[in-house]
Amino acid sequence: MDGLTVKDIWVSFPNKPHVLSGVSFEQARGEVLAVLGPSGCGKSTLLAVIAGLIQQERGTVRWQGKDLSETPAHKRGFGLMFQDYALFPHMRVRDNVAFGLRMQGLPRPAMDKRVTETLDLVGLPGYEERDVHNLSGGEQQRVALARALAPKPHLLMLDEPMGSLDRALRERLLEDLRSIVRQSGQTTLYVTHDQEEAYTLADRIVVMQAGQVAQIGTPQEIYRQPASPFVARFIGLTNFVPGEAAGGQVATPLGTFPLSVQTAGPVEVLFRPDAVRLGQGDYTLQGTVAEVIFQGDITRINVKVGESELYFEVPSTSELPTVDDRVSLAFDPAEGLQIFEPEKGNDFSNE
């Protein structure tokens, strides 16, 4: 593999066994890979193992085929950026960005050139002499990113770097970060609990659950074909009802529908929120509107259907119902239904 290989990583702590349990994935050079999961699922521990800050009990981390088990963190050639940025308060922007370059022993002219190049890349030209205390949160985030990028790391690792920013700033910086890593061709591993960040940045996503890999795929694959009820619920797909599959159909409290897969027995049935239209069809759900939430191009409609309250997304250009209206929602079961084996509980972490 011409990049990162993580193979069967296990980590336990004295008061917390199985923080990581057999985690494996590969990342190609130049790829942006997001590690996505809820708090406590082990994603930051995984990042620390890859960086060499925590020693795994079992398993290997390889870069371009080389086992890094005996390679200390400072010799792996990886860059790491945390949520709190960890800028040096007594240093100017220039010196913060140049920190890793000094560790490499780069001559001063080459170091100054690289600092200027990197500040230009992150959108802070001319900031070399600024005091970090006088920077906004977004500017501090860019300086921290420049410091991580300046040594030209083999792998750039970002641990929840947007967590302390407000929504508007986070959205703007996400787009900038995507452009920066694409422009530089930087291999990037991005840890987050926010699916929108993962969708925006990543070529592929590793979804983690309780110290294990729940699914690996492109953002489109994760959203369109979640591998389990856990993955579906975590990315916001919550329209689940119980069902019983038999004879190419599934019986649910909301009706009986055809299945495109052959299975039998108890199942969990997901009604996809974006696969309906207002009106009648061959297959129709009928209910009472409980809430209407305008979200720009899309309007979310919460509908009481039988004993279940489900949510659906319709174009805001549609003639929208109001609360307490009776509505019909037409859908194609082949596109609008997914079935899963029932899961025990909904453990979102390994705590």
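Structural data are supplied above this passage.
Criteria and thresholds
- By convention here, each chain's residues receive numbers from 1 onward along its written sequence.
- Only residues with pLDDT of 70 or above have their local features reported here, since the model is predicted, and side-chain atom pairs are shown and tallied only from 80 upward, although totals for entire chains, interfaces and linings are computed over all residues.
- Each side-chain value is derived from all of the structure's non-hydrogen atoms; neither hydrogens nor water enter the calculation.
- The definitions used throughout rest on a 1 Å grid laid over the protein atoms alone, on which a cavity is an enclosed set of points accommodating a 1.4 Å probe that cannot get out and a pocket is an open set flanked by protein within 12 Å on both sides along at least five of seven lines; lining residues are those having an atom within 4 Å of a point.
- Grid points are joined across faces, edges and corners, and a volume is the space filled by probe spheres set on the points.
- For helices the rule is a DSSP run of H or I covering at least 4 residues; for strands it is a run of E covering at least 2, with both sets numbered from the N terminus onward.
- Amino acids are sorted into nonpolar (Ala, Val, Leu, Ile, Met, Phe, Trp, Tyr, Cys and Pro), charged (Asp, Glu, Lys and Arg) and polar (every other residue, Gly among them).
- Any Phe, Tyr or Trp ring, taking Trp's six-membered ring, that has another such ring centre within 6.5 Å forms a pair; planes under 30 degrees apart are called stacked, those over 60 apart edge-to-face, and the others tilted.
- Only protein chains enter the calculation, and the probe is 1.4 Å; a residue is then buried if its accessible area is under 20% of its type maximum, exposed if over 50%, and partly exposed in between.
- For a lysine, the NZ atom is tested; for an arginine, the CZ atom; a charge sits over a ring if that atom is within 6 Å of the ring centre and within 35 degrees of the ring normal.
- At least two DSSP bridges between two strands are needed for those strands to be called paired.
- To obtain each axis, a line is fitted to C-alpha atoms, and for helices this fit is confined to the stretch in contact; angles are then taken between N-to-C directions over 0 to 180 degrees.

(A) Region of interest: the layout of surface pockets. Size it by volume and the largest pocket reaches roughly 730 Å³. Phe78, Gly79, Leu80, Gly100 and Pro151 are, among the 25 residues lining the largest pocket, the residues nearest its centre. With four residues, the single largest contributor to the lining of the largest pocket is strand β6 (residues 78-81). Looking at the lining of the largest pocket residue by residue, the class counts come to 17 nonpolar, six polar and two charged. Space inside the second largest pocket adds up to approximately 390 Å³.

(B) Local environment of the packing of aromatic side chains. A full pass over the atoms with the stated rule returns nine aromatic pairs. For the pair tryptophan 63 and phenylalanine 78, a centre-to-centre distance of 5.8 Å together with 75° between the ring planes defines the contact as edge-to-face. With tryptophan 63 in strand β4 (residues 58-63) and phenylalanine 78 in strand β6, this pair connects stretches of sequence that are 15 residues apart. Summarising the burial analysis for this pair, tryptophan 63 and phenylalanine 78 share the class buried. Look at phenylalanine 271 and phenylalanine 331: their rings are 5.8 Å apart centre to centre, the planes differ by 75°, and that puts the pair in the edge-to-face class. Here phenylalanine 271 is found in strand β14 (residues 265-271), whereas its partner phenylalanine 331 is found in strand β19 (residues 326-331), with 60 residues between them in sequence. Residues phenylalanine 271 and phenylalanine 331 agree in their burial class; the two are buried. Positioned above the aromatic ring of tyrosine 127 is the side chain of arginine 130, whose terminal nitrogen or guanidinium carbon lies 4.0 Å from the ring centre. Against the face of tyrosine 223 rests arginine 272, its NZ or CZ located 4.9 Å from the ring centre.

(C) Layout of the sheet that holds strand β13 (residues 255-258). Overall, antiparallel pairing links the five strands, which are arranged β13-β12-β11-β14-β20 in an open sheet. Every other strand in the sheet has two partners, leaving β13 and β20 (337-340) as the edge strands with one partner each. Across the sheet, the mean angle from the axis of one strand to that of its neighbour is 35°, orientation sign disregarded. As paired elements, strand β12 (residues 249-252) and β13 share four bridges and run antiparallel to each other. Within β13, the residue paired with threonine 252 across the bridge is glycine 255.

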